Amino acid sequence: GRGDVPGEAIIQTLYPDHYAVQSAAAQDYATFYTREMEFRSSLRYPPTVALINVVVKARTQEGAMADAHDLVTRIRRHQPGGQVIGPAPAALAKIKDEYRAQCFIKGRARKAMRDALTRALDERPDLKRRVIVDVDPVSVI
């Protein structure tokens, strides 16, 4: 629609009973928000926790994974009790002749997460130009 003229949307889905589809069809934002926040909280997804996506680039897949593994080990050492997921090949594993591996730092203590990553990168200055850090990423692809 445009302005005051109502419109129509057609949604194709394999999950027509999903709360997001049902809430959208009913234009029920409050129900969607409540259910989505319950879901995100139970899985510890943003915005209930902070998330940092760290992508390491290298000339080979083995190099990217090795450097990412080393970085993850260092982050864990500097943030005991913090949650680091990965490393794993990035969703876009190769771009312009560079291989990519990624890990996620997840938690509620933003400063501790940031400090652990900063300290880990300070120990590996050779990685600083080959690492992409995205705090609270909109997408992880």
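Up top is the structure these notes are about.
Residues numbered from 1 in each chain as written. Predicted model: local features only at pLDDT ≥ 70, side-chain atom pairs only at ≥ 80, totals over all residues. Heavy atoms only, no water.

Novice: Any chance you could explain the overall build of the protein chain here in plain terms?
Specialist: Along the backbone of the protein chain there are four helices and four strands. Starting at the N terminus and ending at the C terminus, the protein chain contains elements arranged as α-α-β-α-β-β-α-β. Relative to the 2.2 N^0.38 estimate, which gives 14 Å for 141 residues, the radius of gyration of the protein chain is 20 Å and therefore markedly larger than a compact globule would have. Considering only C-alpha atoms, the protein chain reaches an extent of 60 × 35 × 30 Å along its principal axes. Each of the 141 residues in the protein chain was classed as buried or not, and the buried ones make up 30%. Taking as baseline every contact in the protein chain between residues at least 6 positions apart, the subset at least 24 positions apart corresponds to 62%. When the accessible surface of the protein chain is split by element, carbon and sulfur atoms take 54% of a total near 9,600 Å². Of the side chains in the protein chain, 22 bear a positive and 17 a negative charge, and the two mean positions are spaced by 7 Å. (Helix = DSSP H or I, 4+ residues; strand = E, 2+ residues; numbered from the N terminus. Rg over C-alpha atoms; globule rule 2.2 N^0.38 Å. Buried < 20%, exposed > 50% of the residue type's maximum accessible area, 1.4 Å probe, protein only. Contact = heavy atoms within 4.5 Å. Areas by Shrake-Rupley, 256 points an atom, 1.4 Å probe, with all protein chains shown as cover. Lys, Arg positive; Asp, Glu negative; His and termini not counted. Charge placed at Lys NZ, Arg CZ, Asp CG, Glu CD.)

Novice: Explain the sheet that holds strand β3 (residues 98–107) to me, please; I cannot follow it from the model alone.
Specialist: Sheet strands associate in pairs through backbone hydrogen bonding, adopting either a parallel or an antiparallel arrangement. Across the sheet, which stays open at both edges, the four strands sit in the order β2-β3-β1-β4 with antiparallel pairing between neighbours. One side of each edge strand has no neighbouring strand; the edge strands of this open sheet are β2 (83–95) and β4 (131–135). Within the sheet, the average angular offset between the axes of one strand and its neighbour, ignoring direction, is 20 degrees. Bridging between strand β1 (residues 50–58) and β3 involves nine bridges; their strand directions are antiparallel. (Pairing = 2+ DSSP bridges. Axes fitted to C-alpha atoms, helices over the stretch in contact; angles between N-to-C directions.)

Novice: What's the story with the side chain of H78 in this structure? I'm lost.
Specialist: Structurally, H78 can be placed in helix α3 (residues 61–78). Of the residues examined, H78 reaches a relative accessible area of 16% and is grouped as buried. At 3.5 Å, the side chain of H78 and the side chain of R119 are in polar contact. What H78 contacts, discounting residues up to four positions off in sequence, is A116, R119, A120 and E123. (Polar contact = N/O pair within 3.5 Å; in protein donor to acceptor, adjacent residues only side chain to side chain.)

Novice: Hey, could you run me through the environment of T73 in this one?
Specialist: Within the secondary structure layout, T73 lies in helix α3. A sequence separation of 45 residues divides T73 from D28, and the C-alpha atoms of the two residues are 44 Å apart.

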